[in-house]
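# Chains, contacts and geometry: an overview
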Amino acid sequence: MSFPVVRARRLRKTAALRSFVRETELLPRDFVYPLFATNGKQVKIPIASMPGVYQLSVDNILREGEECLKLGIPAVILFGIPAYKDEKGSSAFDPSEAVQQAVSALKRQFPELLVITDVCLCEYTSHGHCGLIEAGEVENDLTLSLLAQTALSHARAGADIVAPSDMMDGRVAAIRSALDEHGFAQTPIMSYAVKYASAFYGPFRDAAGSVPQFGDRRSYQMDPANCREALKEVALDLAEGADMLMVKPALSYLDVIRAVKEATNLPLAAYNVSGEYAMVKAAAANGWLDEKRVALEMLLSMKRAGADIILTYFAKDAAAWLKEES
Ligand code: PBG
């Protein structure tokens, strides 16, 4: 059967018909809102390359948590701007630091809000790398116990989910056993299993002050050219006990999201990263793009590709836009 019996346009004629046959729907409950926690009181420092995103002290983080719940966004993920940095990233597992304080304040005030923590060392090391440096190299095995300590400190503060983003081999297993040994057998791990060495993280590194002081992250983050290797990373993390997986960045990696989705049965997250956000914001500020339509189309593409969960700086705006539309 073909034209003129078949006419694809028949099902596009009215809004009601289009809605009736729509395959993918974006919902506020798909979103995770990233927050940058810093020390102090009443701190709200704008991030130049990410309009609408701020470094926030705990009091202001609480305000964000409340807004998320009101908008139907179920989860936030926390990154830290610590008071001090050293060679091994000690402030990553310091219970008096901004992330640990923000986690416990959020859980106290909003027990129903899911609080996820980013587990990595790059924001906390003086050299800006995600692991310990030995002889000028990022040392994998010695980094694992630091990551495990960091995840444990987040769990102790009350984190619902820990999310390692460092790309060291074996970190999921190391974190799993540290959590299990200390009474956190029920704390899930959302692994940034597939994280590429991407130029799209540029604005985040300004926001979090985590630009590497020498070299780059290509010896641990993945080569953007590879998709089969993503499935290898996924298999390793599954074997080590990951509960959820993430692909990052999202927009240039929709094929990878689809491949991972087809290869596993774990909940899959996609990270709509800082550079993807900054591009839309910059174009919209110039009047070159319709921010709302472009942002929603991007997020929809991630969900259509297979993401169950989307981490995005657009979360609050997108949730409000979706409400407007419904
Ligand atoms: C590492 C981490 C990064 C991001 C999330 N976790 C930066 C990096 O690997 O350089 C990037 C997030 C974004 O760009 O929005 N802790």
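This write-up is about the structure you can find in this document. All values derive from a computational prediction rather than experimental measurement.

For an α-helix, the turn length of 3.6 residues means that residues three or four places apart are oriented alike. Taken as a whole, helix H8 (residues 254-263) has its buried residues at Val256, Ile257, Ala259 and Val260. Mapping the buried residues of H8 onto a view down its axis gives an arc of 165°, with all of them on the same face.

Before going further, it helps to examine the side chain of Asn60. Mapped onto the fold, Asn60 is located in helix H2 (residues 58-71). Setting aside its immediate chain neighbours within four residues, Asn60 contacts Gln42, Val43 and Lys44.

This part takes up the pattern of salt bridges. Applying the stated rule across the entire model yields 13 salt bridges. Between Asp180 and Arg176 there is a salt bridge whose closest N-O contact spans 3.0 Å. Placement of both Asp180 and Arg176 in helix H5 (residues 171-181) is noted, with a separation of 4 residues, approximately one turn of the helix. Here Asp180 falls in the partly exposed class, since its relative accessible area comes to 38%. What makes Arg176 buried here is its relative accessible area of 13%. One salt-bridge network, in which partners are shared between bridges, spans Glu64, Glu67 and Lys316.

A separate point is the site of the ligand. Lys195, Arg205, Lys248, Ser274 and Tyr313 are the nearest of the 17 residues found near the ligand. Gln221 places a side-chain nitrogen or oxygen 2.9 Å from an oxygen atom of the ligand. Side-chain polar atom of Lys248 to a nitrogen atom of the ligand: 3.1 Å apart, as the coordinates give it. Protein contacts shield 100% of the accessible area of the ligand, which totals 400 Å² for the unbound molecule. Of all the cavities here, the one that holds the ligand is the largest cavity. Taken together, the residues of the shell around the ligand sort by class into 8 nonpolar, 3 polar and 6 charged.

Applying the stated criterion across every chain, the model contains 2 cavities of 30 Å³ or more. Residue lining of the largest cavity: 18 residues in total, with Cys122, Lys195, Tyr201, Phe204 and Lys248 positioned closest to the centre. Of the residues belonging to the lining of the largest cavity, the class tally is 8 nonpolar, 4 polar and 6 charged. Roughly 40 Å³ of volume is contained in the second largest cavity. Tyr33, Pro34, Leu35, Phe36, Gly52, Val53, Tyr54, Leu56 and Glu64 are the residues that line the second largest cavity. Of all the elements in the fold, those that place two or more residues in the lining of the second largest cavity are strand S1 (31-38) and strand S3 (54-56). With 4 residues, the top contributor of residues to the lining of the second largest cavity is S1.

What counts as what
- Residues numbered from 1 in each chain as written.
- Predicted model: local features only at pLDDT ≥ 70, side-chain atom pairs only at ≥ 80, totals over all residues.
- Heavy atoms only, no water.
- Buried < 20%, exposed > 50% of the residue type's maximum accessible area, 1.4 Å probe, protein only.
- Helix = DSSP H or I, 4+ residues; strand = E, 2+ residues; numbered from the N terminus.
- Arc of directions from axis to C-beta.
- Contact = heavy atoms within 4.5 Å.
- Salt bridge = Lys/Arg side-chain N within 4 Å of Asp/Glu carboxyl O.
- Near = heavy atom within 4 Å.
- Polar contact = N/O pair within 3.5 Å; in protein donor to acceptor, adjacent residues only side chain to side chain.
- Areas by Shrake-Rupley, 256 points an atom, 1.4 Å probe, with all protein chains shown as cover.
- 1 Å grid on protein atoms, 1.4 Å probe; cavity = no way out; pocket = protein on both sides within 12 Å on 5 of 7 lines; lining within 4 Å.
- Sits in = over half its atoms within 2 Å of the grid points.
- Nonpolar A, V, L, I, M, F, W, Y, C, P; charged D, E, K, R; others polar.
- Points joined across faces, edges and corners; volume = space filled by probe spheres on them.

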